[in-house]
Amino acid sequence: MRQMQRMSDPAYLHTVSMRELYENVYQSRPPVIDNLLHAGTYLFAGAPKVGKSFFMAQLAYHVSTGLPLWNYTIHKGTVLYLALEDDYRRLQERLYRMFGTDSTENLHFAICAKQLGAGLDEQLQKFVREHPDTKLIIIDTLQKIREAGGEKFSYANDYEIVGRLKRFADNQNVCLLLVHHARKQQADDKFDMISGTNGLLGAADGAFMFQKEKRTDSAAVLEVSERDQQDQRLYLTKDMDRLIWQLERMETELWKPPPDPVLEAVAALVARAMSWSGTATEPVTALGVDLKPNTLTMRLNVNAGRLLNEHSIRYENGRSHSGRKITLTPVPPQA
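The following paragraphs examine the structure supplied in this document. (Residues numbered from 1 in each chain as written. Predicted model: local features only at pLDDT ≥ 70, side-chain atom pairs only at ≥ 80, totals over all residues. Heavy atoms only, no water.)

Among the structural elements, Gln-232 can be located in strand 10 (residues 229–239). In this structure Gln-232 comes out as buried when scored by relative accessible area, which is 2%. Here Tyr-72 takes part through its side chain, which lies 2.8 Å from a polar atom of the side chain of Gln-232. (Helix = DSSP H or I, 4+ residues; strand = E, 2+ residues; numbered from the N terminus. Buried < 20%, exposed > 50% of the residue type's maximum accessible area, 1.4 Å probe, protein only. Polar contact = N/O pair within 3.5 Å; in protein donor to acceptor, adjacent residues only side chain to side chain.)

Peptide bonds are mostly trans, and most non-glycine residues show a negative phi. Residues Asp-140 and Thr-141 are joined by a peptide bond in cis, for which omega reads 20°. Within the fold, Thr-141 resides in the loop between strand 6 (134–140) and helix 6 (142–145). For Asn-35, which is not glycine, the phi dihedral falls at a positive 65°. Structurally, the position occupied by Asn-35 is in the loop between strand 1 (31–33) and strand 2 (37–38). Its identity as a non-glycine residue notwithstanding, Ser-312 has a phi of 55°, on the positive side.

Quick look at the pattern of salt bridges now. With the rule as written, the count across this model stands at 14 salt bridges. Here Glu-251 ties to Arg-233 by a salt bridge, and the two come within 3.1 Å at their closest N and O atoms. Of the two residues, Glu-251 sits in the loop between strand 11 (244–250) and helix 9 (261–273) while Arg-233 sits in strand 10, which places them 18 residues apart along the sequence. A relative accessible area of 26% places Arg-233 in the partly exposed class. One continuous salt-bridge network, built from bridges that share partners, spans Asp-86, Asp-87, Arg-90 and Arg-94. (Salt bridge = Lys/Arg side-chain N within 4 Å of Asp/Glu carboxyl O.)

What follows is the structure, given as structure tokens:
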């Protein structure tokens, strides 16, 4: 009752202490492509006719088939590609040249869709309901689905548009990739070249900038910026026969966290027992680690996402009649 009274106060501000943060479990955004693309909302920007749609087709095909993209691991799932500046004939020719007859049922295309605020939300929600394994939705281009009157390029308007799409992606736990144009003017920070205001990038989880020195070049640079990992720069070359992009080199080698002996002990325990469940004090004995029970619990709380992504173990920490209960469950690597 006191809590309800506090919340009804117009001056109420909900806060969480540092200790409360450590006592809760927050799952990290699941990867779609390891170290490159996660669930969330991203901008993919580049100049007109620079090859963005070919790259989108390549990305969509790899996610829908589970085939590795260069040296990146793919987490297979259904893909929806809204190719709103194309027609089915052009899509057919492009895909056949890129992949031949190696088709897949997990890649779906649409060449028209409703606008944001005028039915697109419902269309995307219905698709995800009908395809619960959806991993990636590509909207090519963002301008095509802006609601009527969305030509007002203010920071607030741009932020709201991407923020609205981000809420959908977060609620559905999918990756939403928004293809957008870049300005011709060069900038010290390449992401300042994204057309529109900084509100677009400010609301997104990350962005890709796809550039060539000349439109006719067979080489391109892909700049990657994301909130949850370090920036990357990929140098790509195009196979002119198949029109697919190959990775030539990376300028930034990805940082990988050092092995954690506690997480490795958890993985070994689950491998022996297939699953594990017990009170918050029992893991200390089961794992054989020199940690206090509350310290171990907080450490596992913070690393729940890493346990899932690196060791395919789902960690849960909840309350029961006998106190806090920890559950460790193996899951398929693609889950």
